[in-house]
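Coordinates in review
Single-letter residue listing:
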Amino acid sequence: MQRSLLVFIIIIILYVTLISYIFILKPYEIYENNKINTSGKKLATLTDREGRIVAIDKTIYEVWLDLKTIKSRGKLDSLKFDLEKFLSEEDFNKNYIMLGKYNDILEIKTYLPKNILKYTKTYLSYERNYNTSYDLRKNIGEINKTEFGIEPYLSNLNILDKQQEIKLTLDLKMQKIAYEELSKMIKEQDAEGGTVIILETKTGKIRAAVSNYPWNMAFMGYIEPGSTIKPLIFSIALEEGIISPYQKFNLTPYISPVPNVDFTIGEVEGHYFTTLDAKDAIAYSSNVAAVQVMKKIMENFSNEWLYNKLELMGFGKKTDVEFSKEISGILAKPENWYKITPYQIAIGQGIGVTPIQLVSIFNVFANEGKYVKPTFLENNNTKSFQVFSPEISNLMKDWLRYTMLKGTARSAYKPGVLIAGKTGTAQKAISGEGYSDKYYSLFVGFFPASKPKYTIVSIIDDPKKEYYGGEVAAPVATNIFYRLENFNNTNYTKVLNGYLPKLTGKSLSEALFILKSLGIDDSKIIIHGNGNFVINQTPDISYEINKIDYIILSLGDELNEKNINIR
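Residues numbered from 1 in each chain as written. Predicted model: local features only at pLDDT ≥ 70, side-chain atom pairs only at ≥ 80, totals over all residues. Heavy atoms only, no water.

Some words on the packing of aromatic side chains
Following the criterion strictly, the structure yields 15 aromatic pairs and no others. Ring geometry for F273 and Y284: centres 6.1 Å apart, planes at 40°, overall tilted. Remark: Y284 occurs in the loop between α11 (278-283) and α12 (287-300) and F273 occurs in the loop between β10 (265-266) and β11 (275-277); sequence separation between them is eleven residues. Looking at F273, the relative accessible area reads 16%, which means it is buried. The ring of F92 carries K80 above its face, with NZ or CZ at 5.3 Å from the centroid. The cationic tip of R137 hangs over the ring face of Y130; the distance from NZ or CZ to the ring centre is 4.1 Å. (Phe/Tyr/Trp six-rings, centres within 6.5 Å; stacked < 30°, edge-to-face > 60°. Helix = DSSP H or I, 4+ residues; strand = E, 2+ residues; numbered from the N terminus. Buried < 20%, exposed > 50% of the residue type's maximum accessible area, 1.4 Å probe, protein only. Lys NZ or Arg CZ within 6 Å of the ring centre and 35° of its normal.)

Listed below in structure tokens is the structure:
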């Protein structure tokens, strides 16, 4: 009797297992092949430095229809009228079909009839949502879709699925301002594109990175640095005592640095000098003075020595910032140098630098000679090492401040916003052909000039009206810091206790930026009416963000108490 009972129990267990496999595990197999997160785990929420959402996993309920069971039970004919509202003709040939993704169980019951629901199974899934504002996606990337970016980098290290939240160094306010000012200059100059990176000087934390291209130039492209390299060349010579801070240069319009080699370097057209001291040679960006400094370096040291100095600064190697597919730039090995190579380098030619390399290298002047490794992780411990002595770096910092006031960047000066920096105008090289008639306009500098807090690089690609760095790239940096200094806190909405903030009175672009910063998907935002400003919002500021199904923004152009819904 007991043996029969045991056999009966075993049969029941096997039967239940088989049924589970058919009706539960099998649909799960299909789900496994279609889900968004390959790990099946909820990925870490990425936020900016202030906790504003950059990327987040949204809980999704996937509803799968078991057509196989419907057919086996002979229910297809009686359900076909209702099923045709959800399925195509091809779908009827399948066994399992996903009917849709829903935010919650209530939504499922609202949209799916009961007679169909009884033949469905619901699975918990996650869908990645991104803040798409102001070029953020080119920094973040997307796992399983792009090989570049922060997310693929974190995913490759198995960090993304082991933490609930990861705070990035990015500041969405600074990202917005940098994006707008760069875009404005690109439009004004009818340029091909441009890049801006803002580092926090002492920590190397990247507060903004904008790349106005279909790809991320800031980490994945390189340019010749042009005249922005000159402060580094002068600093090498000053550090070694080869020149003095009071050095006088007797100048001619052209110089041939290598005897018996047909290679001549001249001043920029219209900028001819007879004599300059070292400070003015930097301020007025003298090519001939830079070549003279390099001649003194090469009289005292070898190609290998100079190569090692440049490599120590960060040329020719990745910064190892948390960005997958960062490139190394170009610094040829000294055994491959020509006789003219050091003199090309002196004026920023024959060497390729990525924007993140350039801003990190230049940061040594703002940071008492220390190179600080750039980072995208807010809680990352900063690594640094000494490149120049504090004395030489502080001297150059003063000279770069003078450059903004009296030199090539003086037209970018704004009262109350004193920046130190160096301009550059680099001809665009064409592989195998030499140099074209197109230019990159460059500026690298820091703010405030006396006690730097931020270091910036701005690059404009092929500006059509002006191409000198002081006329095109430097004003981008100045305008960014001017806006940051004069940012009116009343124009920026903070989230209080998880409730929807007040959006009325704001421009449509500001309102959309705020909503995306809160992780609210575009599909939930409904725009009603015409105009540039939000005059009404539904729901109001008393509504909890995590309960929002949709938001209606009513637009108008008149901003007054009669038509603004203030709540």
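So, the side chain of S441
Within the secondary structure layout, S441 lies in strand β15 (residues 434-447). For S441, a relative accessible area of 0% gives the class buried. At 3.4 Å, the side chain of S441 and the backbone oxygen of Y468 are in polar contact. (Polar contact = N/O pair within 3.5 Å; in protein donor to acceptor, adjacent residues only side chain to side chain.)

Focus: the sheet that holds strand β17 (residues 525-528)
Strand order in the open sheet formed by three strands is β17-β19-β18, with mixed pairing between adjacent strands. Lying at the two open borders of the sheet, with one neighbouring strand each, are β17 and β18 (533-538). The sheet shows a mean angle of 30° between the axes of neighbouring strands, taken without regard to direction. Strand contacts of helix α18 (residues 508-517): β17, β18 and β19 (551-556), with the helix running at about 165° to β19, the strand carrying the most contacts. (Pairing = 2+ DSSP bridges. Axes fitted to C-alpha atoms, helices over the stretch in contact; angles between N-to-C directions. Contact = heavy atoms within 4.5 Å.)

Digging into α12
Spanning 14 residues, α12 covers 20 Å between terminal C-alpha atoms, matching the ideal 20 Å at 1.5 Å per step. Among all positions of α12, only N287, V288, A289, A290, V291, V293, M294, I297 and M298 are buried. Of the residues that open α12, the one with a side-chain oxygen 3.5 Å from the backbone nitrogen of V288 is S286. (Expected span 1.5 Å × (residues − 1).)

A short note on the confidence of the model for the protein chain
Mean pLDDT for the protein chain: 85, with 87% of residues reaching 70 or above. Predicted confidence for residues 20-39 stays below pLDDT 50, and this span has 36 contacts to residues more than four positions away or in other chains. Taken as a whole, residues 487-492 scores under 50 in pLDDT and shows nine contacts with residues more than four places along the chain or in a different chain. (pLDDT = per-residue confidence, 0-100.)

Topic: the pattern of salt bridges
Counted under the stated rule, the structure contains 23 salt bridges. Between D57 and R128 there is a salt bridge, and its shortest N-O distance comes to 3.3 Å. Here D57, found in strand β2 (residues 53-66), pairs with R128, found in strand β4 (residues 120-130); they are 71 residues apart in sequence, far enough to count as distant. Given a relative accessible area of 10%, R128 falls into the buried group. Taking the shortest distance from any N to any O, the salt bridge between R128 and E151 comes out at 2.8 Å. A residue pair is termed long-range when its members are at least 10 positions apart, and R128 in strand β4 and E151 in helix α7 (residues 150-156) qualify at 23 residues. The network of salt bridges with common partners includes D48, R49, R52 and D171. (Salt bridge = Lys/Arg side-chain N within 4 Å of Asp/Glu carboxyl O.)

Structural notes on the packing of helix α10 (residues 230-239) against α12
Relative to each other, α10 and α12 sit at 35°, their axes nearing to 10 Å. α12 is crossed by α10, and the crossing has left-handed handedness. Taken together, the residues of α12 that come into contact with α10 (itself represented by K230, I233, F234, I236 and A237) are N287, A289, A290, V293, M294 and I297. Of the residues in the contact of α10 with α12, the class split is nine nonpolar, one polar and one charged. (Left-handed = near helix turned anticlockwise from the far one by under 90°. Nonpolar A, V, L, I, M, F, W, Y, C, P; charged D, E, K, R; others polar.)

Some remarks on the environment of N93
Within the element layout of this structure, N93 appears in the loop between α3 (76-83) and β3 (96-102). Distance from N93 to L67, taken between C-alpha atoms, is 8.8 Å for residues 26 residues apart in sequence.

Section: the side chain of E181
Among the structural elements, E181 can be located in helix α8 (residues 172-189). A relative accessible area of 9% places E181 in the buried class. Those residues in contact with E181, other than ones at most four positions away along the chain, are V476, N479, I480 and R483.

Things to note about the nonpolar core
Among the nonpolar cores identified, the biggest contains 111 residues, and I206, F234 and F315 are the most heavily contacted of them. Beyond its immediate stretch of four places on either side in the chain, F234 contacts I243, F249, A278, A281, I282, A289, A290, V293 and M396. Counting residues in each nonpolar core, the second largest holds 28 residues, with A178, I186, F443 and I480 among its members. (Core = buried A, V, L, I, M, F, W, Y, C linked by side-chain atoms within 4.5 Å.)

Details of the pairing of β3
Judged by how many residues are buried, β3 sits mostly within the fold: five of seven residues are covered. Here β2 runs beside β3; their pairing, made up of six bridges, is antiparallel. Its bridge partner lying in β3, Y61 is registered against Y102.

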